[in-house]
Amino acid sequence: MEINVGSPEMLADAAAKFVAAMQGRLHYVFRAPMGAGKTTFISALCAELGSSDEASSPTFSIVNEYARPDGMPIYHFDFYRIKDEEELLDMGVEDYWDNGSVCLIEWPEMAEGHLPDDVVEVEIRVNDDNSRTIIVSE
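Cut-offs and rules
Residues numbered from 1 in each chain as written. Predicted model: local features only at pLDDT ≥ 70, side-chain atom pairs only at ≥ 80, totals over all residues. Heavy atoms only, no water. Helix = DSSP H or I, 4+ residues; strand = E, 2+ residues; numbered from the N terminus. Rg over C-alpha atoms; globule rule 2.2 N^0.38 Å. Buried < 20%, exposed > 50% of the residue type's maximum accessible area, 1.4 Å probe, protein only. Contact = heavy atoms within 4.5 Å. Pairing = 2+ DSSP bridges. Axes fitted to C-alpha atoms, helices over the stretch in contact; angles between N-to-C directions. Core = buried A, V, L, I, M, F, W, Y, C linked by side-chain atoms within 4.5 Å. 1 Å grid on protein atoms, 1.4 Å probe; cavity = no way out; pocket = protein on both sides within 12 Å on 5 of 7 lines; lining within 4 Å. Points joined across faces, edges and corners; volume = space filled by probe spheres on them. Nonpolar A, V, L, I, M, F, W, Y, C, P; charged D, E, K, R; others polar. Parallel < 35°, antiparallel > 145°, perpendicular 65-115°, else oblique. Left-handed = near helix turned anticlockwise from the far one by under 90°.

## Quick look at the overall build of the protein chain
Counting its regular elements, the protein chain contains 4 helices and 7 strands. The order of helices and strands in the protein chain, counted from the N terminus, is β-α-β-α-β-β-α-α-β-β-β. Over its C-alpha atoms the protein chain spans a radius of gyration of 14 Å, differing by no more than 12% from the 14 Å that the globule rule assigns to 138 residues. By principal-axis analysis of the C-alpha atoms, the protein chain measures approximately 40 × 35 × 25 Å. Counting all 138 residues of the protein chain, 46% fall into the buried class. Long-range contacts, defined here as pairs at least 24 residues apart, represent 55% of the contacts in the protein chain between residues at least 6 apart.

Structure below.
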């Protein structure tokens, strides 16, 4: 699936298309260069999933939790500052994968050996005209 986002005003529609295609899947990794809009898109996804919490980059906290009306949280990870495998294990990362909540993961490269098996790949490409293309693959 590809979703084209020509401007920030189109993010809500892009998030709605993405959520409609989720089909119960829970684990998503977002791959894109710094500044491509990973956190911005994740913020739109959280809003579309019903969270009224302000989504922000968990670069320093590593994980943010956002509330949803159904009581199931959304977990937003940023593994950019992860230095080694032990750090992931100490935070209990695998417990997050197993609790039935949506997990949105930025900078998954830092945790490749510990990602869930059913992860959905999301690539955000910055186009020459500064628009974005969101490519979702399994």
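## Let's talk about the sheet that holds strand S1 (residues 2–5)
Note: strands within a sheet are paired through backbone hydrogen bonds, in either parallel or antiparallel orientation. The strand order S1-S7-S6-S2-S5-S4-S3 describes an open sheet built from 7 strands, whose pairing is mixed. This sheet does not close on itself; its edge strands, each paired only once, are S1 and strand S3 (63–66). Direction aside, the axes of adjacent strands within the sheet are offset by 20° on average. One ladder, built from 4 bridges, connects S1 with strand S7 (residues 132–137); its direction is antiparallel. Each bridged residue has a counterpart across the sheet, and for Ile3 the counterpart in S7 is Ile134. The sheet strands contacting helix H1 (residues 11–21) are S1, strand S2 (27–31), strand S6 (120–126) and S7, and the helix crosses S1 at an angle near 170°.

## Considering the nonpolar core
Nonpolar side chains tend toward joint burial in soluble globular proteins. Counting 27 residues, the largest nonpolar core has Phe18, Tyr28, Phe30, Phe41, Leu104 and Ile134 as its most contacted members. Where this core is concerned, the elements lending two or more residues are S1, H1, S2, helix H2 (38–48), strand S5 (102–106), S6 and S7. At 5 residues, the largest contribution of residues to this core is made by H2. With near-sequence residues (within four places) excluded, Ile134 lies in contact with Met1, Glu2, Ile3, Val5, Phe41, Val122, Glu123 and Ile124. Within the second largest apolar cluster, 16 residues are counted, among which are Ile82, Cys103, Ile105 and Val119.

## Focus on the layout of surface pockets
Empty space within the largest pocket amounts to approximately 230 Å³. In terms of lining residues, the largest pocket is bounded by 14 residues, among which Val5, Pro8, Leu11, Ala36 and Arg132 are the most central. Secondary structure elements with two or more residues in the lining of the largest pocket: H2 and S7. Considered class by class, the residues forming the lining of the largest pocket number 7 nonpolar, 6 polar and 1 charged.

## Let's talk about the packing of H1 against H2
Look at H1 against H2: their axes get within 9 Å of each other, and the N-to-C directions meet at 65°. Taken together, the axes of H1 and H2 lie roughly perpendicular to each other. Considering only the axes of H1 and H2, their crossing is right-handed. Contact residues: Leu11, Ala12, Ala14, Ala15, Ala16, Phe18 and Val19 in H1; Thr40, Phe41, Ala44, Leu45 and Glu48 in H2. Its residues assigned to classes, the contact of H1 with H2 comprises 10 nonpolar, 1 polar and 1 charged.

It is worth stressing that arrangement in space is one thing and function is another; only the former is reported here.
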